[in-house]
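# Close look at the chain arrangement
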Amino acid sequence: MPLKTPEEYEESIKREVNLYMFGEKISRFWEHPYYQIIKPSITTTKKIYELALIDEYKDIMTTTSHLTGEIINRFTSIHQSIEDLLKKVEMQRLLGQKTACCFQRCVGYDAANALYSVTYEIDQKYDTKYHMRFKQYWKEVQKHDLFVAGSMTDPKGDRGKRPKDQQDPDAFLHIVEENDKGIIVRGAKVHQTGFLNSHRALVMPTLAMREGEEDYAVSFGIDTNVKGLTMIYGRQASDKRKLEEGKIDVGNFKYGGQELFVIFDNCFIPHQHIFMNKEIDFTGELVNRFAGYHRQSYACKTGVGDVLIGAAALSAQSLGVANTSHIKEKLIEMIHLNETLWCSAVACSAKGFKRPAGNYEMDMLLANVNKQNVTRFPYELVRLAEDIAGGIICTLPSESDLKNPDTSKLLEKYLSTNSILPTEDRFRLIRFIESFAMGLTSPSYRTESLHGAGSPQAQRIMIARQGELEKKINLVKEILDMK
Ligand code: SF4
Ligand code: FE
């Protein structure tokens, strides 16, 4: 059975890479003191491997590969039914509940599902061989239970200019050379979720390319330690708290995400790993389908929201205000908002459909509505949690003061509330809520909700396209007997 244990996964990503962090090159990152900062993101992705081996979660976390017939981690699957689409979002809510952060493996999962149908359609039109290649590539991913990142976002340079008109042609990743063995690409991908702890990445264009931009219409698979690849680790708020001795001040000290800037400096891609090569007319579809799947994936935030609601409720109990009517109202509002997010995640999955390639896709309009909701509701959820927890989330002394014999008794005396939580646990809870509010959950729960899987405007463009305004106008005309 091709399921890695969490330990096997952790060992398998200990490979030398060209990584920079805080101005230092740290190729053997797992041996460096900064591993303390990286580690929570790896503990998080290990959780995916761990849950897949536990009987209670197998139905959600694993499935049977339609390519090999073997049991695989759901994150390496290609959706074969509406049920698969629904189980995907259930899995994402579950992982959000278990980690309270971004668990990073969805991006490659979504890229694979988008590429599965798009490569099939390119082949139908141009008699190319991308779909067969992709299936071969993905069989290896399934066989070795590989963690695959998804790379879409280019730096984009001057936003007012097309890729081909940029002053620096590398502002968008592109082909710089082609030979009988493959292609050489140059450029960068930014905001790369889970790239360092991935074995491979699926690279895609960032927007629909036009005539003259053929070299930018490229998609391929790449190992994350190949020659020419440079990673620069993204900074998170208060990340160096993770280097301190205690754990309390980190908030969510066990789990977290990771974001990187990745530079592709003349990387060689062999033919068998290329899934699109200059077919500009399919770039828009690839971008839209990937974005649609990833906007469905933001079901993850419902799971994280569950934890935040739990933290706010526990905070209310520890303050002795759980039965106060306005607190109850605020908790109801939080649940309502979070379940509204869930409604759109479930709806876009339930209304999925089958592509000619045989795989299933979510409903595009509803997936965009889902992500648009996610750009808003988590802000209100955090506001309400902050309201309930109180101003202490930004005034609380440090763990060191709690542990210092000179001040510990004073903090104990003046910060104890009731028997629900000992003072040290109150510190833990306050810091945990702070980590949501101030963006310490790496990446920030709120900013990621806003910009992940595309900024709000990107969804509004899709909502406008899919909203069928004319059809709605015709409904009026029909009822009123207008011509
Ligand atoms: Fe998955 Fe959510 Fe992280 Fe995106 S933000 S990779 S959907 S957990
Ligand atoms: Fe994301």
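Use the structure listed above.
My aim in this report is to walk through the structure given alongside it, one point at a time.

Definitions and limits used
Along each chain, the written sequence defines residue order, and numbers are assigned to residues from 1. For this description, chains carry letters from A and ligands carry numbers from 1, given in the order in which they are written. In view of the model being predicted, local features appear only for residues whose pLDDT reaches at least 70, and side-chain atom pairs are presented and counted only at 80 or more, with totals across whole chains, interfaces and linings using the full set of residues. Side-chain numbers here rest on the full set of heavy atoms in the structure, without hydrogens or water. Numbering of helices and strands starts at the N terminus; helices are DSSP runs of H or I of at least 4 residues and strands are runs of E of at least 2. The globule rule is 2.2 Å times the number of residues to the power 0.38, and the radius of gyration it is compared with is taken over C-alpha atoms. Any pair of residues with heavy atoms lying within 4.5 Å of one another is described as a contacting pair. Axis definition: a line fit to C-alpha positions, over the contact stretch in the case of helices; interaxial angles, taken between N-to-C directions, run 0 to 180 degrees. Under this scheme an angle from 65 to 115 degrees is roughly perpendicular, one under 35 degrees roughly parallel, and one over 145 degrees roughly antiparallel; angles in between are oblique. Throughout, a crossing is termed right-handed when the near helix is turned clockwise from the far one, and left-handed when it is turned anticlockwise from it by less than a right angle. Side-chain classes follow a simple rule in which Ala, Val, Leu, Ile, Met, Phe, Trp, Tyr, Cys and Pro form the nonpolar group, Asp, Glu, Lys and Arg form the charged group, and the remainder, Gly included, forms the polar group. In this analysis, rings of Phe, Tyr and Trp, with Trp reduced to its six-membered ring, are considered paired at centre separations within 6.5 Å, and the interplanar angle assigns stacked below 30 degrees, edge-to-face beyond 60, and tilted for intermediate values. Only protein chains enter the calculation, and the probe is 1.4 Å; a residue is then buried if its accessible area is under 20% of its type maximum, exposed if over 50%, and partly exposed in between. If even one non-hydrogen atom of a residue comes within 4 Å of a molecule or strand, that residue is called near it. Strand pairing follows a simple DSSP-based rule, namely that at least 2 bridges must link the two strands. Definition of nonpolar core: a set of buried residues of the types Ala, Val, Leu, Ile, Met, Phe, Trp, Tyr and Cys, connected through side-chain atoms within 4.5 Å. Side-chain atoms alone can form a polar contact between residues adjacent in sequence; in general such a contact is a pair of N or O atoms within 3.5 Å, and within protein one must be able to donate a hydrogen while the other accepts it.

Each helix and strand counted, the chain has 17 helices and 14 strands in total. The C-alpha atoms of the chain give a radius of gyration of 24 Å, which matches the 23 Å a tight globule of 483 residues would have. Projected onto its principal axes, the C-alpha coordinates of the chain cover approximately 75 × 70 × 50 Å. Across the chain, the fraction of contacts at a sequence separation of at least 24, relative to all contacts at a separation of at least 6, is 78%.

All right, on to the packing of helix 8 (residues 300-319) against helix 14 (residues 423-437) then. Where helix 8 meets helix 14, the closest approach of the two axes is 10 Å, and the angle between their N-to-C directions is 140 degrees. Relative to helix 14, the element helix 8 is oriented oblique. Crossing of helix 8 over helix 14 shows left-handed handedness. Within the contact between the two elements, helix 8 uses Val304, Val307, Leu308, Ala311, Ala312, Leu314, Ser315, Ser318 and Leu319 and helix 14 uses Arg426, Leu429, Phe432, Ile433 and Phe436. For the contact of helix 8 with helix 14, the class distribution of residues is eleven nonpolar, two polar and one charged.

Moving on: the packing of aromatic side chains. Counted according to the given criterion, the structure contains 15 aromatic pairs. Centre to centre, the rings of phenylalanine 75 and phenylalanine 103 are 6.3 Å apart; their planes meet at 70 degrees, and the pair counts as edge-to-face. Of the two residues, phenylalanine 75 is situated in the loop between strand 4 (71-73) and helix 4 (82-99) and phenylalanine 103 in the loop between helix 4 and helix 5 (106-126); the sequence distance between them amounts to 28 residues. Taken individually, phenylalanine 75 and phenylalanine 103 each receive the classification buried, so the pair is uniform in this respect. Relative to phenylalanine 282, the ring of tyrosine 126 has its centre 6.3 Å away and its plane inclined at 75 degrees; by these criteria the two rings are edge-to-face.

Backbone geometry places histidine 191, a non-glycine residue, at a positive phi of 50 degrees. Here histidine 191 shows up in strand 7 (residues 182-193). The phi torsion at aspartate 481 lies on the positive side, around 55 degrees, for a residue other than glycine. Mapped onto the elements of the fold, aspartate 481 is located in the segment after helix 17 (469-479).

Around ligand 1, the neighbouring residues are Cys102, Phe103, Gln104, Cys106, Val107, His294, Ser297, Tyr298, Cys300, Lys301 and Glu448. Among the secondary structure elements, those contributing two or more residues to the shell around ligand 1 are helix 5, helix 7 (283-297) and helix 8. Within the shell around ligand 1, the residues separate by chemical class into six nonpolar, three polar and two charged.

Across the twelve residues that make up strand 7, a large majority, ten, are buried. Direction of pairing for strand 6 (residues 174-178) relative to strand 7: antiparallel, over a ladder of four bridges. Within strand 7, the position partnered with isoleucine 175 by the bridge is valine 185. In textbook terms, the turn of a hairpin is the stretch between consecutive antiparallel strands, and for strand 6 and strand 7 this stretch comprises three residues. With nine bridges joining them, strand 7 and strand 11 (residues 259-270) adopt antiparallel strand pairing.

Let's shift gears to the sheet that holds strand 2 (residues 24-25). Whenever strands of a sheet pair, they do so through backbone hydrogen bonds, lying parallel or antiparallel. If you walk across this open sheet you meet the six strands as 2-1-10-11-7-6, and the pairing is mixed. The open sheet has two free edges, formed respectively by strand 2 and strand 6, since each of these has just one partner strand.

Turning our attention to the packing of helix 9 (residues 325-350) against helix 10 (residues 364-374). What describes two packed helices is the angle between their axes and the distance between those same axes. At a minimum axis distance of 8 Å, the contact between helix 9 and helix 10 shows a crossing angle of 160 degrees. As judged from the angle between their axes, helix 9 and helix 10 are roughly antiparallel. When the axes of helix 9 and helix 10 are compared, the crossing they make is left-handed. Contact residues: helix 9 offers Thr340, Leu341, Ser344, Ala345, Ala347 and Cys348, while helix 10 offers Leu366, Ala367, Asn370, Asn373 and Val374. Classifying every residue of the contact of helix 9 with helix 10 gives seven nonpolar, four polar and no charged.

Of all hydrophobic cores here, the largest spans 71 residues; its most connected members are Leu19, Phe29, Trp138 and Leu202. Excluding residues within four positions of it along the chain, leucine 19 makes contact with Glu24, Lys25, Ile26, Ser27, Phe29, Ile38, Leu196, Met231, Tyr233 and Leu260. Core analysis: the second largest hydrophobic core is formed by 53 residues, Ile48, Ala311, Ile393 and Leu396 among them.

Looking now at the environment of arginine 93. Among the structural elements, arginine 93 can be located in helix 4. A relative accessible area of 11% places arginine 93 in the buried class. Counting along the chain gives 31 residues from arginine 93 to threonine 62, while the straight-line C-alpha distance between them is 15 Å.

What follows covers the environment of glutamate 448. In this structure, glutamate 448 sits in helix 15 (residues 445-451). In contact with glutamate 448, other than residues within four places in its own chain, are Cys102, Glu259, Tyr298, Lys301 and Pro443. A polar contact of 2.9 Å, which involves the side chain of glutamate 448, links it to the side chain of lysine 301.

With that settled, the discussion passes to the sheet that holds strand 8 (residues 200-203). Taken together, four strands build an open sheet; the order of strands is 5-8-9-12 and the sheet is mixed. Here the strands that pair on one side only, and so sit at the sheet edges, are strand 5 (148-151) and strand 12 (274-277). When strand polarity is set aside, the average angle formed by the axes of neighbouring strands in this sheet is 20 degrees. Inspection of the sheet shows strand 5 paired to strand 8 by four bridges, in the parallel sense. Bridge assignment links serine 151 to a residue of strand 8, and that residue is valine 203.

Read these as layout, nothing more, since geometry by itself doesn't imply function.
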